[in-house]
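The residues making up each chain are set out below.
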2 protein chains.
Amino acid sequence: MVVNFINEGSVTDVQGFEAGATYAGMKTYAKDKYDLGIIWSDLPCVSAGVFTTNKVISPSTSVSRDNVLKGNVQAVTVNSGIANAGVGNAGKLDAEEVIELTANKLNIKSENVAFLSTGIIGVELPMALIRTALQKIEFQPNSGQLYAKAMMTTDTKPKECSVTVSTNGREFKIGGVCKGTGMIHPNMATMLAVVTTDAPIDQKLLQDIVKHTADESFNMISVDGDMSTNDSYIILSNGAAGGEIITYESPEHEDIQNSIKEVVQYLAKEMVRDGEGATKLFQVTIENANNIEEARDAARTISSSSLVKTAVHGNDPNWGRLLASLGSSKAEVDESKLSVYINDICILEDGLPIPFFKDAIIQQMVDSEITFRINLNLGESSASAWGCNLSEEYVHFNSAYTT
Amino acid sequence: MVVNFINEGSVTDVQGFEAGATYAGMKTYAKDKYDLGIIWSDLPCVSAGVFTTNKVISPSTSVSRDNVLKGNVQAVTVNSGIANAGVGNAGKLDAEEVIELTANKLNIKSENVAFLSTGIIGVELPMALIRTALQKIEFQPNSGQLYAKAMMTTDTKPKECSVTVSTNGREFKIGGVCKGTGMIHPNMATMLAVVTTDAPIDQKLLQDIVKHTADESFNMISVDGDMSTNDSYIILSNGAAGGEIITYESPEHEDIQNSIKEVVQYLAKEMVRDGEGATKLFQVTIENANNIEEARDAARTISSSSLVKTAVHGNDPNWGRLLASLGSSKAEVDESKLSVYINDICILEDGLPIPFFKDAIIQQMVDSEITFRINLNLGESSASAWGCNLSEEYVHFNSAYTT
């Protein structure tokens with residue numbers, strides 16, 4: 001496999017997909033006022049997705065989930081500024097109308113359309129504004145970035161990329177876009193992601209791919225149980241590259257899945273980097289856990305600990321906080337077998353602290369990217385999660401701004 | 001029952017208990033330098049306790065847990081500044097020596113002594129200093145506050161109280177002391193609490209009481225799964241008040257349990273109020289949940305949400321954050337049945353937002369105590385949890401200080 005990564009890439013790099021966006025009047029606080037966008041493929045698509053497990057769910061999300069899982073969504077409308085959540089039955093009627101308006105505009109069926117919302121909770125969508133604005137949206141190729149901007153809330157920049165994959169003599173494109181900032185977890189900031197591809201993929205396999213790649217990307221920055229009312233990750237495959245449909249048995253299966261994983265891991269890390277008030281990205285890697293669930297839980301628990309996040313902020317090699325957080329996770333821990341590394345420098349071995357030169361480690365931690373690696377020495381499973389520093393700016397931001 | 005609450009009270013208000021404290025040289029950063037203390041009863045005691053479930057546990061805690069659960073601990077030594085955790089086998093040897101030194105000093109058996117530690121992880125106890133200092137500790141009645149100071153780390157003030165209970169023609173005293181600040185949960189700040197009473201209580205009942213009262217106090221500010229390496233809550237009952245031993249069948253059983261609950265709820269709220277950088281206490285009450293586990297989980301999830309904590313800090317009546325956090329808890333939620341109140345003002349009814357006068361609610365939230373009440377209208381179980389605002393000072397504090 002050869003994968004070509006294009007970080008200026010976008011969802012419209014993939015043939016057959018085009019996008020458009022406009023300003024309807026919802027995202028009044030942002031400089032860049034795109035707040036309503038559509039991405040779609042004029043070719044029919046196979047669709048798959050994972051959605052928030054929050055018991056308070058936006059009707060935009062629940063209606064879209066039903067359509068995506070039917071398997072043939074080929075258009076995703078997005079609005080930012082208002083989450084369309086906590087407004088009773090009006091939210092459902094509005095979501096259905098936006099989907100119908102989009103379907104009419106594109107001359108496709110309602111069940112081929114999804115609608116994602118993000119913004120404040122408890123305010124109804126201004127449907128009069130949306131009806132007018134939706135008609136104004138014009139599609140152009142290479143306009144993926146307008147779509148990326150239309151889903152931003154407190155994001156400081158659009159988050160998108162694309163890759164070209166050569167595998168088994170075939171060539172495919174994959175594009176991805178997402179929004180999401182805040183501290184993600186334990187914060188409830190909404191995470192939205194859309195991936196497009198011209199690879200023809202079997203729907204059952206695609207649903208499997210979306211789940212697996214979420215588990216190694218978005219779910220490692222945002223724990224399922226702590227999702228917002230609107231979190232969604234959707235893949236659309238229009239098969240424009242031609243050739244046989246890729247199934248579980250196809251030789252291309254694994255390469256396609258890994259390439260999609262590369263796209264969404266990049267997007268997930270971009271989200272962490274763009275966390276409110278964040279200036280540093282850190283990775284927590286758990287090695288040799290008993291099983292993958294324990295490895296993931298430990299990595300996520302540590303990466304979302306407020307004390308670890310503030311230690312990163314203060315360049316403090318405070319490994320006691322790593323241990324206390326690890327011990328509170330679901331992972332089995334035998335203290336006498338533990339090794340801990342900061343940027344590959346061993347600071348604890350067999351459960352015993354190594355008297356390290358603190359100033360040198362502090363110097364390492366001044367960097368904008370830090371890795372904590374913990375070897376449990378129990379089993380064979382590993383996992384990584386990502387977090388950002390918790391800064392005074394985060395508190396200021398979330399005290400002053402109604403998200 | 002008549003309960004007389006004394007908030008200047010202490011653990012030595014209870015007859016038969018005396019305390020002493022000194023400075024051994026561990027808590028170098030605090031103004032008030034008591035860092036080693038002992039509380040004990042010269043009468044034999046019945047003991048019970050609950051301890052951290054963290055898989056990385058301080059040997060001070062694990063050795064003490066064994067002694068407390070044997071049921072006859074009558075002395076609790078405490079040190080602050082060093083947690084005696086993350087130091088391999090040396091930690092166990094040191095904990096055992098402190099317990100033995102205490103037993104020798106008091107002329108009791110080692111199994112009658114517990115030892116609690118709190119402070120930084122990864123540093124060995126300075127045993128030479130402790131051996132000398134322990135001998136210097138002198139006991140006086142009414143010296144409970146010295147003991148309270150000896151367990152403080154980043155606490156800004158000692159936390160203690162006592163009550164007098166009249167029930168069924170008998171009179172008992174209960175005293176309590178604790179330490180713990182930080183954000184408690186999700187922070188890993190250690191929580192230590194010791195309760196003394198002259199009521200003669202059956203050991204099995206006492207163990208039940210410690211568990212139940214923890215569930216309605218300390219566990220509602222600090223989730224089990226997120227405890228520190230050293231968290232402990234111990235009750236000592238010396239029976240000095242005389243009379244028949246109180247068992248499950250005794251008429252005094254319920255009153256005693258409720259009085260101990262009152263003591264530890266006061267202490268728990270004091271801890272939240274003294275959170276690092278905290279200026280506000282808020283209570284989250286969940287009403288009419290399906291069952292008590294769901295009610296507790298929902299209350300704790302909301303009270304520990306960073307977004308809710310920052311909203312409280314910014315006086316922002318952002319009920320969308322309450323809903324998103326509630327939906328991510330384990331509680332069943334039917335959005336159409338939900339009511340939400342801020343300080344008894346209804347802002348959401350049957351899942352629909354009430355267009356409230358925002359300035360009036362902001363004014364309510366400026367107060368130093370705020371109540372969020374959520375009625376799920378599903379079952380009959382209720383629970384309350386407590387949290388504090390997340391402030392810029394918290395971040396500053398935890399970035400700059402190795403806890």
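Residues numbered from 1 in each chain as written. Chains lettered and ligands numbered in written order. Predicted model: local features only at pLDDT ≥ 70, side-chain atom pairs only at ≥ 80, totals over all residues.

1. Remarks on the overall build of chain A
1) Next: In terms of helices and strands, chain A carries eleven helices and 16 strands.
2) Next: A compact globule built from 403 residues would reach a C-alpha radius of gyration of about 22 Å, and chain A, at 22 Å, matches this within 12%.
3) Next: Across its three principal directions, the C-alpha atoms of chain A cover 70 × 55 × 35 Å.
4) Next: The burial tally for chain A puts 61% of its 403 residues in the buried class.
5) Next: When contacts within chain A are restricted to residue pairs at least 6 apart in sequence, long-range pairs at least 24 apart make up 80% of them. (Helix = DSSP H or I, 4+ residues; strand = E, 2+ residues; numbered from the N terminus. Rg over C-alpha atoms; globule rule 2.2 N^0.38 Å. Buried ≥ 20, exposed ≤ 12 C-beta atoms within 10 Å, placed from the backbone. Contact = placed C-beta atoms within 7 Å.)

2. Regarding the environment of B:Glu293
1) Next: By the element assignment, B:Glu293 lies in helix 7 (residues 292–303).
2) Next: Placed 254 residues apart in sequence, B:Glu293 and B:Ile39 show a C-alpha to C-alpha distance of 35 Å.

3. Some details on the nonpolar core
1) Next: By size, the foremost hydrophobic cluster in this structure holds 236 residues, and its most contacted members are A:Ala193, A:Ile286, B:Ala193 and B:Ile286.
2) Next: Discounting chain neighbours no more than four positions away, the residues touching A:Ala193 are A:Gly176, A:Val177, A:Cys178, A:Phe218, A:Tyr233, A:Val264 and A:Leu267. (Core = buried A, V, L, I, M, F, W, Y, C linked by C-beta atoms within 7 Å.)

4. Things to note about the sheet that holds strand 10 (residues 232–237) of chain B
Residues and elements named next belong to chain B.
1) Next: Taken in spatial order, the six strands of this open sheet run 1-7-8-9-10-4, and their pairing is mixed. Because the sheet does not close on itself, it has two edges, and the strands there are strand 1 (2–6) and strand 4 (46–51). Neighbouring strand axes in the sheet, compared pairwise and without regard to direction, differ in orientation by 15° on average.
2) Next: Sitting on the sheet, helix 5 (residues 203–215) is in contact with strand 4 and strand 10, with an inclination near 30° to strand 4.
3) Next: Along the sheet face, helix 6 (residues 253–273) touches strand 1, strand 7 (159–167), strand 8 (170–179) and strand 9 (192–197) and points at about 160° away from the line of strand 7. (Pairing = 2+ DSSP bridges. Axes fitted to C-alpha atoms, helices over the stretch in contact; angles between N-to-C directions.)

5. Observations regarding the sheet that holds strand 8 (residues 170–179) of chain A
Residue and element names in this part refer to chain A.
1) Next: Strand order in the open sheet made by the six strands is 1-7-8-9-10-4, with mixed pairing throughout. This sheet does not close on itself; its edge strands, each paired only once, are strand 1 (2–6) and strand 4 (46–51). Strand-to-strand, the axes of this sheet are offset by a mean angle of 15°, without reference to chain direction.
2) Next: Of the strand pairs in this sheet, strand 9 (residues 192–197) and strand 10 (residues 232–237) are connected by six bridges, and their pairing is parallel. Residue Ala193 lies in a different strand from strand 10, and its bridge partner there is Tyr233.
3) Next: Contacts from helix 1 (residues 59–70) reach strand 4 and strand 10 within the one sheet, and its direction differs from that of strand 4 by about 140°.

6. Regarding the packing of helix 7 of chain B against helix 9 (residues 319–327) of chain B
Residues and elements named next belong to chain B.
1) Next: Two elements in contact, helix 7 and helix 9, have axes whose closest approach is 9 Å; the angle formed by their N-to-C orientations is 130°. The angle between the axes of helix 7 and helix 9 places the two elements in the oblique class. Between helix 7 and helix 9 lies a crossing of right-handed hand. Between helix 7, through Ala298, Thr301 and Ile302, and helix 9, the contact on the second element is made entirely by Leu322, Ser325 and Leu326. (Parallel < 35°, antiparallel > 145°, perpendicular 65-115°, else oblique. Left-handed = near helix turned anticlockwise from the far one by under 90°.)

7. Side note on the packing of helix 5 (residues 203–215) of chain A against helix 6 (residues 253–273) of chain A
Residues and elements named next belong to chain A.
1) Next: Running from N to C, helix 5 and helix 6 point in directions that differ by 40°, and their axes come no closer than 10 Å. The orientation of helix 5 with respect to helix 6, classified from their angle, is oblique. Our pair here, helix 5 against helix 6, has a crossing hand that is right-handed. Contacts between helix 5 and helix 6 involve Leu205, Ile209, His212 and Thr213 on the former and, on the latter, His253, Gln257, Ile260, Lys261 and Val264.
2) Next: Along the lines of polarity and charge, the residues of the contact of helix 5 with helix 6 split into four nonpolar, four polar and one charged. (Nonpolar A, V, L, I, M, F, W, Y, C, P; charged D, E, K, R; others polar.)

8. A look at the domain arrangement of chain A
1) Next: Segmentation of chain A into domains returns domain 1 (2–273) and domain 2 (281–400).
2) Next: Averaged C-alpha coordinates put domain 1 of chain A and domain 2 of chain A at centres separated by 31 Å. (Domains from an automatic or database assignment.)

9. Side note on helix 8 (residues 306–313) of chain B
Residue and element names in this part refer to chain B.
1) Next: The element helix 8 is largely enclosed, with a buried count of eight among its eight residues.
2) Next: When we look at burial in helix 8, the residues that qualify are Ser306, Leu307, Val308, Lys309, Thr310, Ala311, Val312 and His313.
3) Next: A positive phi of about 55° marks Asn315, the residue just after helix 8.

10. Here we look at the pairing of strand 7 (residues 159–167) of chain A
Residue and element names in this part refer to chain A.
1) Next: Counting buried residues along strand 7, seven of its nine residues qualify, which places the element largely inside the surrounding structure.
2) Next: Two strands pair when backbone bridges link them, and strand 1 and strand 7 are joined in this way by five bridges, in the antiparallel orientation. Paired with Ile6 across the strands is Ser162, a residue of strand 7.
3) Next: With nine bridges connecting them, strand 7 and strand 8 associate as antiparallel partners. Across the sheet, residue Glu160 finds its bridge partner in strand 8, namely Val177.
4) Next: The antiparallel hairpin formed by strand 7 and strand 8 contains two residues in its connecting segment, where Asn168 sits at a positive phi of about 55°.

11. Description of the confidence of the model for chain A
Do not read the fine detail of predicted coordinates wherever pLDDT is low.
1) Next: Averaged over all residues, the pLDDT of chain A equals 91, while 93% of them reach at least 70.
2) Next: Scored by ipTM, the complex comes to 0.83, with pTM at 0.88. (pLDDT = per-residue confidence, 0-100.)

12. A word on the environment of B:Thr61
All names here are of chain B.
1) Next: The topology assignment puts Thr61 in helix 1 (residues 59–70).
2) Next: Residue class for Thr61 comes out buried when judged on the 30 C-beta atoms lying within 10 Å of it.
3) Next: Sequence separation between Thr61 and Gly119 is 58 residues, and the spatial gap between their C-alpha atoms is 13 Å.
4) Next: Here Thr61 is in contact with Phe51, Thr52, Asn230 and Ser232, once residues within four sequence places are set aside.

13. Quick word on the environment of A:Ser110
Residue and element names in this part refer to chain A.
1) Next: With respect to the helices and strands, Ser110 occurs in the loop between helix 2 (89–106) and strand 6 (113–120).
2) Next: Classification of Ser110 by C-beta neighbours within 10 Å gives partly exposed; the count is 14.
3) Next: In sequence terms Ser110 and Val98 are twelve residues apart; their C-alpha atoms lie 9.5 Å from each other.
4) Next: Not counting residues within four places of it along the chain, the set of residues in contact with Ser110 comprises Ile99, Glu100 and Ala103.

14. Details of the pairing of strand 16 (residues 381–388) of chain B
Residue and element names in this part refer to chain B.
1) Next: Within strand 16, six of the eight residues are buried, which leaves it mostly tucked inside the rest of the structure.
2) Next: Summarising the sheet, strand 11 (residues 281–289) and strand 16 pair through seven bridges and their orientation is antiparallel. Note on strand 16: the bridge partner recorded for Gln283 is Trp386.

15. Observations concerning unusual backbone geometry
Residues and elements named next belong to chain A.
1) Next: Unusually for a residue other than glycine, Asp344 sits at a positive phi of about 70°.
2) Next: Structurally, the position occupied by Asp344 is in the loop between strand 12 (339–342) and strand 13 (345–349).
3) Next: Of note, the phi angle at Asn377 is positive, near 50°, even though the residue is not glycine.
4) Next: Of note, Asn377 is situated in the loop between strand 15 (369–375) and strand 16 (381–388).
5) Next: Looking at Asn377, the number of C-beta atoms within 10 Å reads 15, which means it is partly exposed.

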